[in-house]
Amino acid sequence: LEEARSISEQAEKFYSHDFSLFAKSDLFYEEVEQNYLNQALGGDDHSLDAKFLVTMDRFRRVLNRNSMKLHMIYAPLLLLCCLTAAVLSMTATGQSVLPQAASLFGDGEFSAKLAQSSWLIGALSLSAFIMGLLYTWPYRVTQRNNLFGLDNYITSKFSRINQQFQVAKRQALNVERNMRMSDAARLKEEAGIWTVTYQWFAMRLLLCELTVRNKIYQVRRNTTLYGIGGGLICLLLGGGVITATYLSGITGLSFVSLTLKLGLLTGLFIIVAYLVITRNATRDILRTLQTREWNRFHLIDLHQTIAEHVGEDKLQIVTFRDRNRME
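Parameters and conventions
Residues numbered from 1 in each chain as written. Predicted model: local features only at pLDDT ≥ 70, side-chain atom pairs only at ≥ 80, totals over all residues. Heavy atoms only, no water. Phe/Tyr/Trp six-rings, centres within 6.5 Å; stacked < 30°, edge-to-face > 60°. Helix = DSSP H or I, 4+ residues; strand = E, 2+ residues; numbered from the N terminus. Buried < 20%, exposed > 50% of the residue type's maximum accessible area, 1.4 Å probe, protein only. Lys NZ or Arg CZ within 6 Å of the ring centre and 35° of its normal. 1 Å grid on protein atoms, 1.4 Å probe; cavity = no way out; pocket = protein on both sides within 12 Å on 5 of 7 lines; lining within 4 Å. Points joined across faces, edges and corners; volume = space filled by probe spheres on them. Nonpolar A, V, L, I, M, F, W, Y, C, P; charged D, E, K, R; others polar.

Trainee: What should I look at first to understand the packing of aromatic side chains in this one?
Mentor: Remark: the centre distance and the inter-plane angle together describe each pair of aromatic rings, the angle taken between the planes. Using the criterion set out here, one finds seven aromatic pairs in the structure. Judged by centre distance (5.6 Å) and plane angle (25 degrees), the ring pair of Y135 and Y139 falls under stacked. Taken together, the positions of Y135 and Y139, both in helix α5 (residues 109-174) and four residues apart, correspond to about one turn of that helix. Both residues of the pair, Y135 and Y139, belong to the buried class. Over the aromatic face of F28 sits the side chain of R221, whose NZ or CZ is 5.1 Å from the ring centroid.

Trainee: Is there a simple way to explain the layout of surface pockets in this structure?
Mentor: Of the voids in this model, the largest pocket is the one considered here, and its volume is about 640 Å³. Along the wall of the largest pocket there are 20 residues; nearest its centre are E176, M181, L187, Q316 and I317. Listing elements by their share of the lining of the largest pocket, those giving two or more residues are α6 (184-248) and α9 (302-326). Taken together, the residues that form the lining of the largest pocket break down as 10 nonpolar, three polar and seven charged. The space that makes up the second largest pocket amounts to roughly 380 Å³. Along the walls of the second largest pocket sit 17 residues, with S20, A23, V32, E33 and Y36 positioned nearest its centre.

Note that all results are geometric; they support no functional claim without further evidence.
Pasting the structure below:
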């Protein structure tokens, strides 16, 4: 009862919380929503859900950081290596390699161009292979392992709230069983405490679900933005390499020819890396979360609990009244 009393005091803070109707315009909406959820759940060190809020924010940061590294650091670095190999194939540095490669195709200018094209295709293929390896093994495996841990944590968290809801519900329905009229004041207090407590457990479950939705939305949105940002970085990187190579004058190619070759290489890499390999970066990993196994708000039937509670109490009142009239 003492624990229920302290929990009902937290519920009173939630039900009496005057949240602002005019959110700050300098924040993303999900941050506005999360600020409200933090306040509603009592986001301080003494609240029941303080650890949950910290864990969910940490989960978001870790997943976003991993996605940012893949899309905006590793992918552009692979493109830079690919472009470097392409430039080497068109400079004096590559002259020692190309004649040997050209000998595999025969002699002549056509054979040299064919060998150079094979060099470019090989560089692109190797870069795409490494990108696919990075996505399949370190990135996706790490993200899934993080989500496995998160799924276990949420399952346990929601299960505990559901169990506490069921206990408070039974106490609210049966609080008068062992009391008499002389305990009327205590009955009124305890019935109110248990009723508010089970309703607050249900609201906590809803607010925790909204927190999960908020964080997962940010992960999905940010992963998409990281992909777009990584593609733009690759475009800038390709343009920079083209300009630097041409201005250095280390090739005998015209600017148009250089732009076509390196531009085509950059475009193909972006298509393969961002539109083929990582196009399902969030959808693949979020399948790890087994939401059907969570004790969610819509499954605890709060409306039926309230109807059963109020209906049973009213029935007992009418039955007691009619019995006294008959006597």
